[in-house]
Amino acid sequence: MTDKLVERLVLAIEAQQATIAQQAEQIGLLVQSVAMLLGEEVGTPVAEDAAAPRTDMDGNPY
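## So, the overall build of the chain
When its secondary structure is counted, the chain shows one helix and zero strands. In the chain, which comprises 62 residues, the proportion classed as buried is 3%. Of the roughly 5900 Å² of accessible surface on the chain, a fraction of 60% belongs to carbon and sulfur atoms.

## Here we look at a nonpolar patch on the surface
Taken together, the side chains of L30, V34 and L38 define a hydrophobic patch exposed on the protein surface, amounting to about 280 Å² of accessible area. Along the chain, L30 turns up in helix α1 (residues 3–42).

Definitions and cut-offs
- Residues numbered from 1 in each chain as written.
- Predicted model: local features only at pLDDT ≥ 70, side-chain atom pairs only at ≥ 80, totals over all residues.
- Heavy atoms only, no water.
- Helix = DSSP H or I, 4+ residues; strand = E, 2+ residues; numbered from the N terminus.
- Buried < 20%, exposed > 50% of the residue type's maximum accessible area, 1.4 Å probe, protein only.
- Areas by Shrake-Rupley, 256 points an atom, 1.4 Å probe, with all protein chains shown as cover.
- Patch = residues over 30% accessible without salt bridge, like charges linked within 9 Å, V, L, I, M, F, W, Y side chains within 5 Å.
- Salt bridge = Lys/Arg side-chain N within 4 Å of Asp/Glu carboxyl O.

What follows is the structure in structure tokens.
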């Protein structure tokens with residue numbers, strides 16, 4: 001392989017890495033938004049800054 005080809009491959013990989021990182025961040029924000037909306041739908045809104053109370057499967061705090 002020539003040096004130019006290797007350099008082009010490295011640049012392509014770095015560009016893909018940046019795209020994947022952006023997509024992962026967007027997916028994380030989407031999941032967080034859905035979780036917050038589901039919490040509001042059920043009647044237990046989730047505050048962005050506060051940790052949700054820990055409950056068992058029946059909803060009893062522990």
